[in-house]
Every structure is written in structure tokens, then in C-alpha cells.
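A structural walkthrough
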Amino acid sequence: MIYVDNNATTSLAVDVALAMSQAYESAFYNPSSQHQAGQKARRRLDDARETILNSLGAVTTRFASDRLVFTSGGTEANNLALFGLGKETSGQVIISAIEHPSISEAADQLTSRGMKVRVLPVDGNGVVQFDQLDQWLTEPTRMVSVMLGNNETGVLQPIQEIATICRDHEVPLHVDAVQGIGKIPVNFRALGASAMTLTPHKFHGPRGIGALVLDDRVTLKPSMFGGSQQLAMRPGTESVELAIGFERALQLAVEALPDAGPSMLALRDRLETLLTDLIGEDEMVIIGRDAPRLPHTSNVAFPGLDRQALVMALDMAGVACSTGSACASGSSQPSPTLLAMRLPEDVISSSIRLSLSRFTTEPEVDEVASRISNCVKHLRQG
Ligand SMILES: Cc1ncc(COP(=O)(O)O)c(C=O)c1O
């Protein structure tokens, strides 16, 4: 089977598995325990937290220290940000039209509780349009949330520009960077955001852990209660083993990036070129093609075909890909991201997502293109 569904999750890197298995033996203690073993685990956890912050370009000096709250994954970190970020308890929340459901559906919850949620639109390439933001921010606003790179199309968002506007109005900006880490250089301070979500299972690290990075000024109200761990911002016994896996996965991803970034980009472009040559330019649409994109994601539509039928045919042909986000795939609902881009109905209903990783090889890409071409031709004939 050739795996091109890395935006759903990635394989665990061997080095990460090794670091975690050592930690399961030597650092399994509760980091809140008073005994020496517990205190040693606490120091190891604190070290992992600091290494992760440093790898992300966060500031960790004695005078100003950004913080990192470990969560169970990206969904929890996004929920924590949406419900808890910002000083005010009232005021509107602003998100974009293409956020992951862990933001958009959490925002629906805010709406059902009587809060005002405003949604920034996107253009036909899936780029967030922020012309109205400055005006909207003249109203009391608790926080803004815009993702770094879209999980379905890979389209990159103008975060620095949005951050500047938010900073002028002293409103915290949260960035869901889940799909960007390990694919493009991400520097938390340079982005200008107040908070950022990431999870290592998208860059060959473990599942079951994620993080919300917070700058040294922003306030976060907890969503869970019952312990003083992580400054009571996210109580519960921390997993030192998962934190160590997170730390190692991030170190490896950052080290690999100077080669892996261009290599994923070359493979993604090769895949799109091969598909275009084999299937024909008029028979397919590369979604978001004209916008800057993450180097590893391709969303391709074959108008006239049904995306579920195509994904199933590809599965039978030994290619694992998806119809969009893992959470939405399997459902027959059209993708809210593609709908927000106002793409034609036959494009939305026939699009599949192909996502590479730094371990994807050229022969795999060539084989994927040939199998897709065969399946598309077969389905068109049938
Ligand atoms: C952009 C984005 N945000 C958040 C998430 C949720 O992360 P997790 O599955 O770790 O909860 C995902 C997962 O696909 C994602 O792609």
C-alpha cells in the first residue's frame, strides 16, 4: 500500500519510538510526585517543554517567557484557545471560513451560547480575505483564530498581515499551525500570533499529545478543572513519555526541513504534472493551485466522478488517500472549505486529497500517479 494521507496522520519515526520506549522505562514517574524519581521526571518534562518552545522560535528568557500547554492533541488545543483565550469574557470571536472543525464547530458552540462569531471569507483559491478585519475589530473582540495552512488544500494564509491588524487592536490571534510544522519553517514570534496549536502526530511523532503555545502576555482560562498541573491551565497528570516523543519528533522535523521542504515540494509538483500529463488538463482541477501552498498537499478534482467512489477504487488499487479532512471523510457532506471557496459543485464532489511526508519517495509518487490515472479512466468508462 502506498500511503498518501499524511495530513490525517503520519508514521512514527524510528528514533522517536526509541526515545519514547527509553522514557517509558526510565521516566514513567508522576512529575507531580515529591520523591526524587518524580522530580527527575518533572525536570525531563520541563526540558522537553523548553526544547519544543526553542525549536518553534518562542522566547524563553528569564525576563519574558512564552509558555507551552500540553494537551491531548490538536483538537483539544484548538478548543482550549477558542474557549479560553483573551482577557475578556464577552465580546465577539472571529474565525475564518476554512478552519478545521475543532475551531469551526467549537465556534458553533459559542454561537449557541449566545456569543457573536464572525467569519472571514476566502477567495476562489482558498486564501482568507481580511479587508473587513480592521473594521470588525473596532467592536469588543475576545480573540481571532486563523489557520496557517489549510488541511484540505494546503493553501497558506496571510498570518503576519492578520497578526499586525490584531496587534493594533490588542486582540489576541490564535493560529492553528497543525499542518505547517515540519513542512515550512515556523517561527512563533515572527508569525506575530499570541497562541499557536500543533501536534506531533502530523510530523512523525506520537498521537495523544499536542500543545498550545502562548506568548508571555496572553491570558488563557482553563476548560478543565481539578489539578494544579501546567499552572492549572490544563490540569491532569502529564505524560513525560509523550512529551519526550513530541520533543524528538520536532527536533527531527526541524533538522530535516532544509532538505525535506524542497524535496516534498518537488514530489508534489511531480505528482501534479504526471497526473496532468496522464489524465489531461481539461479533465482535472488542481485546487488552490494559484495560491502559495504547503509543499506536501495536493487537492485534485476529476469533475464527473464521485470522490467516495474514487477513494474506494484507489484503496482497492493500493493507494491510501482521502476525500478531505479525516474527520469529514466517510461522510457525504461536501467540504465546508471547498464550499467557502465557491468552487463548482462537480469540482467539490469529485475532489481527493493527496498528502505526502518527508519519507515519501519518487517511485511512490510515480506509482500513485499511474494508479490514479488508471482508476479515473476506469471509472469514467464505467
Ligand atoms: C488543521 C488541523 N487542525 C487541527 C486538527 C486536529 O488535530 P488532532 O487530530 O490531533 O486532534 C487537524 C487534524 O487533522 C488539522 O488538520
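Refer to the preceding data block for the structure.
Now for a description of the structure that goes with this document. (Residues numbered from 1 in each chain as written. Predicted model: local features only at pLDDT ≥ 70, side-chain atom pairs only at ≥ 80, totals over all residues. Heavy atoms only, no water.)

1. Remarks on the packing of helix α2 (residues 36-55) against helix α8 (residues 240-279)
Any two packed helices are characterised by how steeply their axes cross, that is the angle between the axes, and by the distance between the axes. Put simply, the test is: Axis lines are fitted through C-alpha atoms, for helices just across the contact stretch, and the angle between N-to-C directions can take any value from 0 to 180 degrees. By definition, any uninterrupted DSSP run of H or I lasting at least four residues is a helix, any uninterrupted run of E lasting at least two residues is a strand, and each is numbered from the N terminus. What sets the label is the angle itself: under 35 degrees gives roughly parallel, over 145 gives roughly antiparallel, 65 to 115 gives roughly perpendicular, and the rest give oblique. For any pair of crossing helices, the crossing counts as left-handed if the nearer helix is rotated counterclockwise from the farther one by less than a right angle, and right-handed if it is rotated clockwise. For this analysis, residues touch if any pair of their heavy atoms sits within 4.5 Å. Three residue categories are used. Nonpolar comprises Ala, Val, Leu, Ile, Met, Phe, Trp, Tyr, Cys and Pro, charged comprises Asp, Glu, Lys and Arg, and polar comprises the others, including Gly.
Taken N-terminus to C-terminus, the directions of α2 and α8 make an angle of 30°; their axes are 9 Å apart at the nearest point. It follows that α2 is roughly parallel to α8 by the angle criterion. For the element pair α2 and α8, the recorded crossing hand is left-handed. Together, Ala 41, Arg 44, Leu 45, Asp 47, Ala 48, Thr 51, Ile 52 and Ser 55 of α2 and Val 240, Ala 243, Ile 244, Phe 246, Glu 247, Leu 250, Gln 251 and Val 254 of α8 make up the contact between the two elements. In the contact of α2 with α8, the residues fall into 10 nonpolar, 3 polar and 3 charged.

2. Observations regarding empty space enclosed by the protein
Formally: Any residue with an atom within 4 Å of a point lines the site, the site being either a cavity, points on a 1 Å grid over the protein atoms alone where a 1.4 Å probe fits but cannot get out, or a pocket, an open set with protein on both sides within 12 Å along at least 5 of 7 lines. Grid points are joined across faces, edges and corners, and a volume is the space filled by probe spheres set on the points. The start and end points of each domain follow an automatic or database-based domain assignment.
Tallied over the entire structure, the rule returns 1 cavity of 30 Å³ or more. Here the largest cavity defines a volume of roughly 50 Å³. Each of domain 1 (2-6 + 257-381) and domain 2 (14-251) gives at least three residues to the lining of the largest cavity.

3. Focus on the side chain of Thr 197
How we decide: By the criterion applied in these results, polar contacts are pairs of N or O atoms within 3.5 Å in which, for protein atoms, one can donate a hydrogen and the other can accept it, and in which residues neighboring in sequence qualify only through two side-chain atoms.
Among the secondary structure elements, Thr 197 is positioned in strand β7 (residues 195-198). At 2.7 Å, the side chain of Thr 197 forms a polar contact with the side chain of His 174.

4. Thoughts on the nonpolar core
The following threshold applies: Here, the term nonpolar core denotes a set of buried Ala, Val, Leu, Ile, Met, Phe, Trp, Tyr and Cys residues that are joined through side-chain atoms within 4.5 Å. When a residue's accessible area, from a 1.4 Å probe over protein chains only, is under 20% of the maximum for its type it is buried; when over 50% it is exposed; and in between it is partly exposed.
If you look at the biggest cluster of nonpolar residues, it comprises 67 residues, and the most contacted ones within it are Leu 173, Ile 181 and Met 196. Top element by residues in this core is α8. It accounts for 9 residues. Both domains that meet at this core, namely domain 1 (2-6 + 257-381) and domain 2 (14-251), each give it at least three residues. Contacts of Leu 173, omitting those with residues within four sequence positions, involve Val 144, Ser 145, Val 146, Ile 159, Ile 162, Ala 163, Cys 166, Ala 193, Ser 194 and Ala 195. One finds Ile 279, Val 300, Leu 310 and Cys 321 within the second-largest nonpolar core, a separate group that totals 25 residues.

5. A look at the sheet that holds strand β8 (residues 210-214)
Defined as follows: Any two strands are treated as partners once DSSP identifies two or more bridges connecting them.
Spatially, β2-β8-β7-β6-β5-β3-β4 is the arrangement adopted by the 7 strands of the open sheet, whose pairing is mixed. Across the chains shown, the open sheet's two edge strands, defined by having one partner strand only, are β2 (67-71) and β4 (117-120). Direction aside, the axes of adjacent strands within the sheet are offset by 20° on average. This element, α2, spans β2 and β8 of the sheet and lies at about 115° to β2. Most of the contacts of helix α3 (residues 74-84) go to strand β5 (residues 141-145), to which it runs at about 155°, and overall it touches β2, β3 (92-96), β5, β6 (173-176), β7 and β8.

6. Some details on the packing of α3 against helix α4 (residues 101-112)
Two numbers describe how α3 lies on α4: the axes approach to 9 Å, and their chain directions differ by 35°. As for the relative orientation of α3 and α4, their crossing is right-handed in sense. Note on element contacts: α4 touches α3 through Ser 102, Ile 103, Ala 106, Ala 107, Gln 109 and Leu 110, opposite Thr 75, Asn 78, Asn 79, Leu 82 and Phe 83. Taken together, the residues that form the contact of α3 with α4 break down as 6 nonpolar, 5 polar and no charged.

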